[in-house]
Amino acid sequence: MATTSAAYPPPPPYYKLYKDPASAASPPPPLQGTYSVFGNTYTTDDTLPSLEEVGLRQLYPIGPNIDYKKELKALNRELVLQMMELADVLVERPSQYARRVEDMGLILRNMHHLLNSLRPHQARATLIRILETQVQRRKQAVEEVHKRRNEARSLLQESTAALETQLSQQRIV
């Protein structure tokens, strides 16, 4: 006999309080600080921890005025150099490859951290692009409405003029 299980947990018990909107209790307040989901602890703070907080050495300068492009290029050059040295070590001293692999991992983590620190700027630029696109579409829609209104006005004027000429012709006859 096969056992069945739900894909999602059942709703919280306070959903029964919302049968009548007038007598409904207010929902629980938003979480602050840390919380646990499926055994993992998460925090509501949306900040990128520094490399030192994670326990890694930072290979680029610390400060608010970082030239991301320059630092990423420098780290990429260092990574290529480490890869070349790893190839040499694997040929000449295969037992000493672990240090080179660790160095490459540190460089990659630093590059990843630099890229993650650019995410807020990327999100802001994406949002600006989306809003500009929406404004452009709305302007086009308003322009289309004005065009259709003018067409309807001209059609109405033509129809009115045609009716007036027909009426005047019928009165003559």
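Residues numbered from 1 in each chain as written. Predicted model: local features only at pLDDT ≥ 70, side-chain atom pairs only at ≥ 80, totals over all residues. Heavy atoms only, no water.

A.B. asks: For this particular structure, what's the right way to read the side chain of Glu71?
C.D. replies: Secondary-structure assignment places Glu71 in helix H2 (residues 68-92). Setting aside chain neighbours within four positions, we find Glu71 in contact with Tyr60, Pro61, Ile66 and Leu114. (Helix = DSSP H or I, 4+ residues; strand = E, 2+ residues; numbered from the N terminus. Contact = heavy atoms within 4.5 Å.)

A.B. asks: Sorry, what's going on with the pairing of strand E2 (residues 40-43) here?
C.D. replies: Both faces of the sheet carry side chains from a regular strand, because those side chains alternate between them. Sheet topology places strand E1 (residues 34-37) next to E2; four bridges connect them, and they run antiparallel. Of the residues in E2, the one forming a bridge with Val37 is Asn40. Following E1, the chain reverses through two residues before pairing antiparallel with E2; Phe38 in that reversal takes a positive phi of roughly 50°. (Pairing = 2+ DSSP bridges.)

A.B. asks: Can you help me understand the nonpolar core in this one?
C.D. replies: Taken as a class, soluble globular proteins show a tendency for nonpolar side chains to be buried jointly. Listed in full, the 11 residues of the largest apolar core are Leu51, Tyr60, Ile66, Leu72, Leu75, Leu79, Leu86, Met104, Ile107, Met111 and Leu114. Of all the elements in the fold, those that place two or more residues in this core are H2 and helix H3 (97-117). In this structure Leu51 touches Leu56, Arg57, Gln58, Tyr60, Arg109, Asn110 and His113, once residues within four positions along its chain are discounted. (Core = buried A, V, L, I, M, F, W, Y, C linked by side-chain atoms within 4.5 Å. Buried < 20%, exposed > 50% of the residue type's maximum accessible area, 1.4 Å probe, protein only.)

A.B. asks: Can you help me understand H2 in this one?
C.D. replies: An α-helical turn contains 3.6 residues, so a residue and the one three or four places further along point in the same direction. Its 25 residues place the ends of H2 36 Å apart at the C-alpha level, agreeing with the 36 Å of an ideal helix rising 1.5 Å per residue. Within H2, the full set of buried residues consists of Glu71, Leu72, Leu75, Leu79, Gln82, Leu86 and Val89. Buried residues in H2 make contact with H3. (Expected span 1.5 Å × (residues − 1).)

A.B. asks: Got a minute to help me understand the pattern of salt bridges in this structure?
C.D. replies: Oppositely charged side chains can form a pair if their charged atoms are brought close together. Taken as a whole and judged by the stated rule, the model has five salt bridges. Note that Asp103 is salt-bridged to Arg99, the shortest N-O span being 3.5 Å. Here the residue Asp103 and the residue Arg99 both occupy positions in helix H3, the gap between them amounting to four residues, near one helical turn. Glu151 serves as the salt-bridge partner of Arg148, at 3.3 Å between the closest nitrogen and oxygen. Here Arg148 and its partner Glu151 are both found in helix H4 (residues 119-172), three residues apart, which amounts to about one turn of the helix. Judged by its relative accessible area of 48%, Arg148 falls in the partly exposed class. Residues joined in a network through salt bridges with shared partners are Glu144, Arg148 and Glu151. (Salt bridge = Lys/Arg side-chain N within 4 Å of Asp/Glu carboxyl O.)

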